[in-house]
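As a plain string of letters, each chain reads:
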Amino acid sequence: MSGSSGADHLEIGIDDRLETAMFSYPVRAGWATADGILAKQGLMPRDIQSATLAILDSVAALTLLDTHVIVRDAAVVWRTASMLTLVTHTRPDDVERVTVAINGVSPVGRAIATATLTPFYGIEVASWSETAVPIDAHHAAVTEGPAALMPVDGAEATPPRETEDDDENASEDNITGPYQEDLGRAWYLLTNKPFVSHLCVAPRASLVKDPATVLTALTRLHAVRDTGAERARELRRDLSKDLGIDRETLVDVLADQTLALDDDAIDGVAELAQRTGLGVTRRQLQASSVWLRREGDNTSQ
């Protein structure tokens, strides 16, 4: 992205994924003007060098803290449902050692997988694969976005265990595979902290030199989000049709989203950073995070 400074030339970057549909789809659908907005799947720091504001993968965002601040007024946060799944040949609690495919999975999706497979399920990862693998006794896969919401042939979606009794109560006769498990929910059960897939960042220099332009960019981003909320039924209908996702599944997952970074969400980012060695502490996150406009409404869908 490139352009001049000033409110007339503000630029907004959005990681255009199903997870960020409330921010990105209104632009893609033509419900909101696209002028000055770069909506790109897999948006990375190199893509936002001149951006006034950007929503991108939270692990990627943490690499920018020397030059950017986290704007808490926008984020994508999950608790009991997400668009990140583990696919195994049988109940994941019965899987011991496998190669796990992570091809096409985002940096934060990989971090969540690293943080949950062994601590929560007891699965030993023999290796991570950047290519697709068959789902069998020696292989599993992490899927993300639309693929995470689509059933694998013969798969059963099973909630992560919450107590050891869940294992004892499961009938071995009824166990068939493959199985799909929500890793965002597993993370929440493991840590009692949300899974933050996306953060909003702004250049530190812009907040010092031209805070009004950053605020204008946030106002515009919120207007796009509000358009998505107002037309949420159309959004869900269109996406379920375009992507081949069961509409009720999409409704349920999007309903779990919150779209701002509260204190619990900061704790979730800090916990993930600590468990995966990202080198960022909660104190650093707090010091690098700002509210530009605290809104009591419109932070969840």
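The rules behind these values
- Residues numbered from 1 in each chain as written.
- Predicted model: local features only at pLDDT ≥ 70, side-chain atom pairs only at ≥ 80, totals over all residues.
- Heavy atoms only, no water.
- Buried < 20%, exposed > 50% of the residue type's maximum accessible area, 1.4 Å probe, protein only.
- Helix = DSSP H or I, 4+ residues; strand = E, 2+ residues; numbered from the N terminus.
- Pairing = 2+ DSSP bridges.
- Contact = heavy atoms within 4.5 Å.
- Polar contact = N/O pair within 3.5 Å; in protein donor to acceptor, adjacent residues only side chain to side chain.
- Core = buried A, V, L, I, M, F, W, Y, C linked by side-chain atoms within 4.5 Å.
- pLDDT = per-residue confidence, 0-100.
- Salt bridge = Lys/Arg side-chain N within 4 Å of Asp/Glu carboxyl O.

Engineer: Which parts of the structure should I look at to understand the pairing of strand 3 (residues 53-57)?
Structural biologist: Where a strand is regular, its side chains alternate between the two sheet faces. Burial of strand 3 is extensive: 5 of the 5 residues sit out of reach of the surface. Here strand 1 (residues 12-15) pairs with strand 3 via 3 bridges, running parallel. Paired with isoleucine 14 across the strands is isoleucine 55, a residue of strand 3. Relative to strand 11 (residues 195-203), strand 3 is paired through 4 bridges, and the arrangement is antiparallel. When the sheet's bridge partners are listed, isoleucine 55 is paired in strand 11 with cysteine 200.

Engineer: What should I look at first to understand the pairing of strand 4 (residues 68-78) in this one?
Structural biologist: Most of strand 4 sits inside the fold, with 11 of its 11 residues counted as buried. Sheet analysis places strand 4 next to strand 11, joined by 7 bridges and oriented antiparallel. Paired with alanine 75 across the two strands is leucine 199, which belongs to strand 11.

Engineer: Explain the environment of isoleucine 37 here, please?
Structural biologist: By the secondary structure assignment, isoleucine 37 is in strand 2 (residues 37-40). Given a relative accessible area of 14%, isoleucine 37 falls into the buried group. Not counting residues up to four positions away in its chain, the partners in contact with isoleucine 37 are Ile12, Ile14, Val27, Arg220 and Val224.

Engineer: What exactly am I supposed to notice about the side chain of serine 24 here?
Structural biologist: Here serine 24 lies in helix 1 (residues 21-28). A distance of 3.1 Å separates a polar atom in the side chain of serine 24 from a polar atom in the side chain of aspartate 16. With sequence-adjacent residues up to four places away left out, serine 24 is seen in contact with Ile14, Asp16 and Arg17.

Engineer: Please explain the nonpolar core as it appears in this structure.
Structural biologist: Generally speaking, nonpolar side chains in soluble globular proteins are found buried as a group. With 60 residues, the main nonpolar core has Leu53, Val142, Leu183 and Leu221 as its most contacted residues. When sequence neighbours within four positions are dropped, the list of residues in contact with leucine 221 reads Ile12, Ile14, Phe23, Leu53, Ile55, Ala74 and Cys200. Ranked by size, the runner-up nonpolar core spans 25 residues in total, among them Ala60, Leu65, Ile70 and Val196.

Engineer: Is there a simple way to explain the confidence of the model for the protein in this structure?
Structural biologist: Reading fine detail from the predicted coordinates is not recommended where pLDDT is low. Looking at the protein as a whole, its pLDDT mean stands at 90, while 87% of the residues score no less than 70. In the model, residues 1-5 has pLDDT below 50 throughout and makes 13 contacts with residues more than four positions away in sequence or in other chains. Note that residues 296-301 has pLDDT below 50 and, in this model, 15 contacts with residues that lie over four places away or in other chains.

Engineer: Help me out: how do you make sense of the pattern of salt bridges in this one?
Structural biologist: One side chain can pair with another of opposite charge once the charged atoms of both are near each other. A full pass over the atoms with the stated rule returns 13 salt bridges. Salt-bridge contacts for arginine 17 lead to aspartate 15; the nearest nitrogen and oxygen are separated by 3.0 Å. Given the relative accessible area of 1%, aspartate 15 is considered buried. For the salt bridge of arginine 72 with aspartate 263, the shortest nitrogen-to-oxygen distance reads 2.7 Å. Of the two residues, arginine 72 is situated in strand 4 and aspartate 263 in helix 11 (residues 263-275); the sequence distance between them amounts to 191 residues.

Engineer: Would you mind going over the sheet that holds strand 12 (residues 289-290) with me for this structure?
Structural biologist: Where strands meet in a sheet, backbone hydrogen bonds hold them as pairs that are either parallel or antiparallel. Read from one edge to the other, the open sheet built from 6 strands follows the order 2-1-3-11-4-12, with strand pairing classed as mixed. A single partner strand is all that each edge strand has here, and the edge strands are strand 2 and strand 12. Two strands pair when backbone bridges link them, and strand 4 and strand 12 are joined in this way by 2 bridges, in the parallel orientation. Bridging from a neighbouring strand, isoleucine 70 pairs with serine 289 of strand 12.

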